[in-house]
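Residue strings, one per chain:
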Amino acid sequence: MLRVVEHHRTPVYAVAFNQTDTTLASHFATIGSNCATVYRIHELLPEAMPIGSTETAVGGGKTAKPKASSCKSKKRRTTQTLEHVSLETVQHYRDADEEESFYCCDWGVLVVDGSSLLAVGGQQRQIKAINCRTGKVHSVMQAHGGAIHDLRFHPIQPSLLLSGSADESIRLWHVLTRDCIAVFAGAQGHRDAVLSLDVRLDGAVFASSGVDGCIKVWDLQSAALRRRIEAATPPMGKAPAPSAQPTHKMPPGCAEPPLPLVVHFPLLSEASLHRRKKDGFLFYVDCVRWVGDLILSRGSEGRAVLWMPTGLDTGALVNKPLDAVEMTPNVLGEYHMRSASGIWFLRFGLNPRRTLFAMGDARGETSVWEIDRRPVRPLATFSLPGPASSKPVTVRHTAISGDSRYLVCAHDDASVAVWALPTKSCVPPSA
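Residues numbered from 1 in each chain as written. Predicted model: local features only at pLDDT ≥ 70, side-chain atom pairs only at ≥ 80, totals over all residues. Heavy atoms only, no water.

*Asks:* Could you clarify how one ought to interpret the pattern of salt bridges in this entry?
*Replies:* Pairing is possible between side chains of opposite charge, provided their charged atoms come close. One pass over the structure, following the stated rule, counts 21 salt bridges. Residue R40 is joined to E88 by a salt bridge in which the shortest nitrogen-to-oxygen separation is 3.0 Å. Of this pair, R40 sits in strand β4 (residues 35–43) while E88 sits in strand β8 (residues 85–94); the two residues are 48 residues apart in sequence, bridging distant segments of the chain. The shortest N-O distance in the salt bridge between R303 and E301 comes to 3.0 Å. For the pair R303 and E301, one class covers both residues: buried. Salt bridges sharing common partners tie together D106, D150, R152, D198, R289, R347 and R354. (Salt bridge = Lys/Arg side-chain N within 4 Å of Asp/Glu carboxyl O. Helix = DSSP H or I, 4+ residues; strand = E, 2+ residues; numbered from the N terminus. Buried < 20%, exposed > 50% of the residue type's maximum accessible area, 1.4 Å probe, protein only.)

*Asks:* Would you take a moment to explain the sheet that holds strand β10 (residues 116–122) for this structure?
*Replies:* In a beta sheet, neighbouring strands pair by backbone hydrogen bonds and run either parallel or antiparallel. Spatial strand order, β9-β10-β11-β12: four strands in an open sheet with antiparallel pairing. Because the sheet does not close on itself, it has two edges, and the strands there are β9 (102–109) and β12 (136–142). Taken pair by pair, the neighbouring strands of this sheet meet at an average axis angle of 20 degrees, ignoring direction. As judged from the seven bridges shared by β9 and β10, these two strands associate in the antiparallel manner. Within β10, the residue paired with C104 across the bridge is G121. (Pairing = 2+ DSSP bridges. Axes fitted to C-alpha atoms, helices over the stretch in contact; angles between N-to-C directions.)

*Asks:* Which parts of the structure should I look at to understand the pairing of strand β1 (residues 2–6)?
*Replies:* Remember that side chains alternate between the two faces of the sheet whenever the strand is regular. Burial of β1 is extensive: five of the five residues sit out of reach of the surface. Taking every second residue as pointing to the same face, both faces of β1 are buried, with L2, V4 and E6 on one and R3 and V5 on the other.

*Asks:* It is not clear to me how the environment of P258 should be interpreted in this structure. Could you clarify?
*Replies:* With respect to the element layout, P258 can be found in the loop between α1 (223–232) and β20 (261–263). Judged by relative accessible area, P258 falls into the partly exposed class, the value being 44%. Once the C-alpha coordinates of P258 and A232 are considered, the two residues, 26 residues apart in sequence, prove to be 8.0 Å apart. Beyond its immediate stretch of four places on either side in the chain, P258 contacts R228 and A231. (Contact = heavy atoms within 4.5 Å.)

Written out as structure tokens, the structure reads:
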């Protein structure tokens, strides 16, 4: 295991591998306080392997208060080494707003030049897309009325970004123009904070979940939404210049975009999976991810459920009366963590092929499951070392590398841990 402690000394809420650029597949980002840090997992040659290991704070402890937002690319010494692997800090971004607390991030790509973008969002209701090639903020998007809890780039149209917020809405953005294209909220939307969202790999629909205990699936292919996306997309070569300000002027010859499309009705809504039977209490659903055409969701009762949203792809739910939106899920598997109940904003991560997922708990343990394995039992479980008298550390978020060789865990004590996964879970580079 490699373990580093980040200098901000606050919880690390999110971690994500760069899955948009194969040349940067060993890079992952973490989010904590008003900081974002990009690391690289570096595999050493046998003759370069150091003897022993150490653990220190990334950034060397305190950092100077910046005058403005900064994203510095600098190499720092390895903080801990395990066998043939070291961890290197590649970039560090610290927001100018000391009151900011980032809760989520996602990797995307800038279609203009192929640069990797890291989108971050949190308490201050702004989304910032950082160009990791230039080290500068490319765009700022602002319209939410509450904290931003999750971000997801569209897998087919990389300029589109979805955000879920405490204001009970999901917004669809165009990263190049910083326009809000659509708002998913209202009559049949979420009734409390949105905590998680994910776009199906074909880009046709996305799922959302939240404090109201509901999981909803929304359409991304309606004719009205397609027209609105086309209206927001700038002509080739006429995208607004990068800016760290949330407002901008359209280039000459480009009309101002219309108001956002408001989508009130999801394709379906599910509220029975994470409900306590004896009294009907709805647990928070703080993580939802697509696994092919299936959905994997986690509730604050401490279990994840793999289920099939029946009838979604048959068109049976489209244009049905509102009382037909509720559906009965087909449960295919349940995954339990011993000490993950009663805590929320604890999210799991999957590998790109969606064959493995990892979920942590409130005692520093993380289990990895093969989704198709039956009977259901963990492939491996990792525990943070430490004396029995020490305070338990919550694993807030996990991420699995593209080749399924490494697991990264983000913790409440500002630490980030990298584990080597069992060999049988690894995917050859050509796979």
